Amino acid sequence: MSLPYGSSNDDTFIETWKSAAGPFAWLRAVNNSPIGKRFLVTGFAFFLIGGIQALFMRLQLAKPENNLMSPELYNQLMSMHGSTMLFLFVVPILEGLATLLAPSMLGTRDLPFPRLTAFAYWAYLFGGVLMYSSFLLGVAPNGGWFAYVPLTGPEFSPGINMDFWLLGLELAEASGIISAFELIIAVLAMRAPGMTLGRIPVFLWAMLVASSMILFAFMTVLIASLYLELDRKLGTAFFSPELGGSTLLWQHLFWFFGHPEVYIQFLPAAGIVSMIIPVFCRQPLVSYTAVVLALVSTGVMSFGLWAHHMFTTGMPDITASFFSTMSIVVAIPTGLQFFVWIATIWRGKVIWKTPMLFVMGFMVNFLIGGLTGVMLGVAPFDWQVHDSYFVVAHFHYVLIGGVVFPLIAGFYYWMPKITGKLMGERLGRWNFWLMFVGFNVAFFPMHLAGFRGMPRRVYTYIEGIGLANYNLISTLGAFIFATGILVFVLNFLASLRQPNTDPNPWGAYSLEWATSSPPPPYAFLTLPIVKGRYPLWEQEQLDKGDEETVDMVKTLASWPLSWQAGVVTDVFTGRLREVFWLANPSYMPITLATGLAISLGAMIFDSYWLSALGLVIALIAYLVWMNPRQRPTENDKTIEEKFKRFGVAVYRYSSPTIARWSLFLTMGIALTTLGTFLFTYFFLSTNTPVWPPESAKLGGWTAAVLAQLFTVSGLVIVAWTQRYSMAGGRTKLIRHFAIASVLDFVAGGLQIWAYSQLSFSWTSHAYGSIFYLLAAFQLFMLITALVMASIALFRLNFNHDPAEQERVQVTVENARRSNYVMLACWLAIFFTLYLSPHLM
Amino acid sequence: MTVVPARTLLWISFISTPLLWLLHFLLAYLITEGSCSAAGENTGIFGASSLTLLYLLTFVFVLASVFFTFLAFRTSKQAQKTAPSYDDFLPKLGFTCGLLFSFVVLLEFIPLAILGAC
Ligand code: HEM
Ligand SMILES: [Cu+2]
């Protein structure tokens, strides 16, 4: 077939999709391709910084009793190295890669929320910068990447080091959640016609799973950081055992995030491998279903492993054995993937290009890391080597072998789609062997040093205990490895002087290779029509299919040209459903991120007025962002009629389908938050002999019960509206939502009054801390539901534009759904706070 | 127009068994956490011994998983009739997930049977 496919030579269309021009245009750029590239560059920069920190650590450890640096500096480097690699490098760079490539791989044009893409980037950048600004003051975080309390609590870390970590992390993690949110919706709702769920490129299945995990896992660590920051700033007692708090609570919450985090990194890397192997073996994967099964099941199972990081904290044997069992079982799906890869390679004839070399390096190194992982999953073994260098060796095998190698493979493979250039093969081979050999020389001896009893996180060790040689070798290996990275950078820079390559230099099968190298910003003017898993291998042509689809795709290529149009396809059938407007460039994403960064940064220095100012900036930015004034007006009645006959709706605003997905995911996040708070409550209650404490008296029972009655009746009234259609029942809809809002409002007042009767505060004891937090969350959910209802009321009242009724409809549905979720939270919290103490 | 399986059914056939496993795991964990002290005494929960509860729980969850696995199987057969326009991938995936996760729920039960509740 002739490539590139689907590019345009229509001036209007090209102009529409060009990035904004002007000296400050990059500040307001949106769209996936410029932002995706920034993610990659920034992520790689953090990788280099984290790597340099590692080299300094290795220099310090090269010989016994070395005094190149102070213990304090070592702690800071170690903590920042781990945190940088895990929070600022791997996850963002993988999300960035997906942000950049997902649209063209899916055969569509962009991600659903261009401005949100930009915001995610700025939030990530500012979060990272916030963390790193601590170095300027010489107070970098020093509590390790998992920041255990009580070490990081107010008592033992009185300085501001940990505040930088906690608050910077909040911003960076929020960015991760947002990117994940977008990628999920893109993969589910925005695909080329014909690309059913069973034909999605494996990398995007992996991103779908990883992103769903991020949504849940990142929330728990955000909440844990919130507790710790509250303990440090407001004197709450979540982690103070003397006041009924628990230090293990941190470990539970952290690892409930931390273990899935490992797979959040590994699954996309495995996805990259599954993309590359078929290309260089000229052979489809022997089982696509098995690979997807492995991705999904690993993703789910990874939520049942967290306590294997806590075997040495003391837990009932039976509990330990649950986690032990799962730690071993989780190897089954990974093994399954391995067999699929091996079988595919077996059947094909391997073409030894650099990406494939890195894939092989991955298979060897990750195998070792995986096996030592299973060893550590066996509790008695872990008791021996916990917190020794054996663990350091293990997780670097997993992270470098399992993630960095595939990532570099991916860079070599996709560079033509990123910069348009192929990277050199000769330097590529140097690159690979230096990294492969260097890596093993650096990290294999650490297993042995660990067996010899070298603890992790020490800045030095004494002479004559048999550790010197291992460490010297490790340091040597680390520098060989670093040379390999240097070669990568040189190879990259050298490649930039090459001319652009063909659209499909590797003879690959997935859709991103159908566009030019690099792809145009819109990826496809004419969307490809997909008929299988390996379209470029299986199809002679991408614009042939059933008549109707061909017609739809052609129509879409002719209109709209003057505004950026995204396309929604049906989750199951892969048919075109909606054409909608993608928001244009804006300064607001960066302004919003700046506001939040100011707000969080000011908190570090207890400057609460500045913090409030930051929030105000953020709020204003948000409102301006949402201002719908710039929506496109161009229309073409005949074409819209035609779309309508196909069953495709045209929206000059956001897509209703996407709005539904967004609400669904947001509510998922809200329920995760609720779950985490409730877990905290009950976990603390089992750890205290008397719960609630004697001194804690609940007041305002009557008001609280009344409040529940009011919200329940509000819900009944809202639920009733399900029976009214927009056309006939508009006034009824308005009436019901108005009455329900009043009821909810009164409920809020009553509940606040009930809470004002309490005999304790959030600093009294851990019970008080979680009590007030739950109360705050309850009110927050109420406010959210009220805001949603107000928007619905507003639109029902004022928006009678026939073209926008679907949108009004979605607003109403979403208001209804958020009311359900709000009520679920209210009742759960009422049960927990008021009733549960009497049941136990 | 061919009859297609309801969309919710497709989703359910896919996610039910993984969710069941997760729920089983969390419940089993909470029960032991709530009723076993680190010293190994069993204080029970809601009057029942935690072992009885766990037996019961596992039994119910295995049954439910098998049921949903079967459901996924049926849905995938049903969806196959309308393929390729209507994708049977999700229920097929759900069926394999069902087999795996039903097995895993059982597997987790082994330590219980050997070690007892606490
Ligand atoms: C040049 C390659 C690297 C070298 C030489 C290296 C070396 C080290 C060293 C010496 C430590 C400190 C161990 C201790 O004192 O306990 C460490 C910790 C760590 N490294 Fe690396 N590392 C490298 C790359 C990476 C990468 C690519 C990742 C992640 C993707 C990573 C993740 C971590 C983590 C999570 C820790 C633990 C920090 C903590 O204990 O809080 N490292 N590394
Ligand atoms: Cu783990």
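What this report covers is the structure whose coordinates are included nearby. (Residues numbered from 1 in each chain as written. Chains lettered and ligands numbered in written order. Predicted model: local features only at pLDDT ≥ 70, side-chain atom pairs only at ≥ 80, totals over all residues. Heavy atoms only, no water.)

1. Brief notes about the overall build of chain B
And then number 1: The secondary structure content of chain B amounts to 3 helices and 0 strands.
And then number 2: Scanning chain B from its N terminus toward the C terminus, one meets helices and strands in the order α-α-α.
And then number 3: By the burial criterion, 47% of the 118 residues in chain B qualify as buried.
And then number 4: Residue pairs in contact within chain B that sit at least 24 positions apart in sequence constitute 76% of those at least 6 positions apart.
And then number 5: When the accessible area of chain B is evaluated, it comes to approximately 5,800 Å², of which 76% is carbon and sulfur surface. (Helix = DSSP H or I, 4+ residues; strand = E, 2+ residues; numbered from the N terminus. Buried < 20%, exposed > 50% of the residue type's maximum accessible area, 1.4 Å probe, protein only. Contact = heavy atoms within 4.5 Å. Areas by Shrake-Rupley, 256 points an atom, 1.4 Å probe, with all protein chains shown as cover.)

2. A word on the coordination of the iron atom of ligand 1
Residues and elements named next belong to chain A.
And then number 1: The iron atom of ligand 1 binds to the protein through His81 (NE2) and His396 (NE2); the donor distances cover 2.0 Å.
And then number 2: By relative accessible area, which is 13% here, His81 ends up buried.
And then number 3: Looking at His396, the relative accessible area reads 14%, which means it is buried. (Donors = N, O, S within 2.8 Å, 3.2 Å for Na, K, Ca; no water.)

3. Side note on the pairing of strand S1 (residues 565-569) of chain A
Each regular strand displays side chains that alternate between the two surfaces of the sheet.
Residues and elements named next belong to chain A.
And then number 1: Counting buried positions over the 5 residues of S1 gives 5, a clear majority of the element.
And then number 2: The side-chain alternation of S1 yields two buried faces, one formed by Ala565, Val567 and Thr569 and the other by Gly566 and Val568.
And then number 3: Where S1 and strand S2 (residues 576-581) come together, 5 bridges link them in antiparallel fashion. Across the sheet, residue Thr569 finds its bridge partner in S2, namely Leu576.
And then number 4: In this antiparallel pair of consecutive strands, S1 and S2, the connection spans 6 residues, and Gly574 shows a positive phi of 70 degrees. (Pairing = 2+ DSSP bridges.)

4. A short note on the interface of chain A and chain B
Accessible area lost upon the coming together of the parts serves often as the stated size of an interface.
And then number 1: On the side of chain B, 37 residues touch chain A, which itself brings 36 residues to the contact.
And then number 2: Carbon and sulfur atoms make up 82% of the area that chain A and chain B hide from each other, which totals about 3,300 Å².
And then number 3: In terms of surface lost to chain B, no three residues of chain A exceed Ile318, Phe322 and Phe572 of chain A, which account for 23% of the buried area on that side.
And then number 4: Scanning the region where chain A abuts chain B turns up 1 salt bridge.
And then number 5: As a salt-bridge pair, Arg7 of chain B and Asp570 of chain A come within 3.1 Å of each other at their nearest N and O atoms.
And then number 6: The interface formed by chain A and chain B holds 3 residue pairs in polar contact (both at pLDDT 80 or more) in total.
And then number 7: For the side of chain A that touches chain B, the secondary-structure elements that each account for two or more residues are helix H9 (288-301), helix H10 (317-329) and helix H22 (656-686) of chain A. (Buried area = accessible area lost by both parts, 1.4 Å probe. Salt bridge = Lys/Arg side-chain N within 4 Å of Asp/Glu carboxyl O. Polar contact = N/O pair within 3.5 Å; in protein donor to acceptor, adjacent residues only side chain to side chain.)

5. Some details on the coordination of the copper ion (ligand 2)
Residues and elements named next belong to chain A.
And then number 1: Summarising the metal site, the copper ion (ligand 2) is bound by the protein donors His259 (ND1), His308 (NE2) and His309 (NE2), whose distances to it range over 1.7 to 2.0 Å.
And then number 2: Linear spacing of the donor residues for the copper ion (ligand 2) on their chain is H-x48-H-H.
And then number 3: The exposure class assigned to His309 is partly exposed, which follows from its relative accessible area of 21%.

6. Some details on unusual backbone geometry
All names here are of chain A.
And then number 1: Cis geometry is found at the peptide bond from Ser517 to Pro518, where omega equals -10 degrees.
And then number 2: For Pro518, the position within the fold is in the loop between helix H16 (468-495) and helix H17 (535-538).
And then number 3: Cis rather than trans, the peptide bond between Trp691 and Pro692 has omega equal to -5 degrees.
And then number 4: Its identity as a non-glycine residue notwithstanding, Asn31 has a phi of 60 degrees, on the positive side.
And then number 5: Tracing the backbone through its elements, the reader meets Asn31 in the loop between helix H2 (25-28) and helix H3 (32-61).
And then number 6: At Arg457, a position not held by glycine, the phi torsion is positive, near 60 degrees.
And then number 7: The residue Arg457 is located in the loop between helix H15 (425-451) and H16 in this model.
And then number 8: On the accessibility criterion, Arg457 (29% relative accessible area) is partly exposed.

7. Some words on empty space enclosed by the protein
Residues and elements named next belong to chain A.
And then number 1: In this structure the tally under the stated criterion is 5 cavities of 30 Å³ or more.
And then number 2: Considering the residues around the largest cavity, the lining is formed by 13 residues, among which Phe87, Val91, Pro92, Ala172 and Gly176 are closest to the centre.
And then number 3: At the level of secondary structure, the elements contributing two or more residues to the lining of the largest cavity comprise helix H4 (71-106) and helix H6 (161-189).
And then number 4: Examining the composition of the lining of the largest cavity, we find that 5 residues originate from one element, H4, more than from any other. (1 Å grid on protein atoms, 1.4 Å probe; cavity = no way out; pocket = protein on both sides within 12 Å on 5 of 7 lines; lining within 4 Å. Points joined across faces, edges and corners; volume = space filled by probe spheres on them.)

8. What about the pattern of salt bridges?
Residues and elements named next belong to chain A.
And then number 1: A full pass over the atoms with the stated rule returns 14 salt bridges over all chains.
And then number 2: Glu548 is the salt-bridge partner of Arg575, the closest N and O atoms lying 2.2 Å from each other. Taken together, the positions of Arg575 in the loop between S1 and S2 and Glu548 in helix H18 (residues 547-558) put the pair 27 residues apart, joining distant regions of the chain.
And then number 3: For Glu548, a relative accessible area of 33% translates into the label partly exposed.
And then number 4: A salt bridge links Arg577 to Asp570; its shortest N-O distance comes to 3.6 Å.

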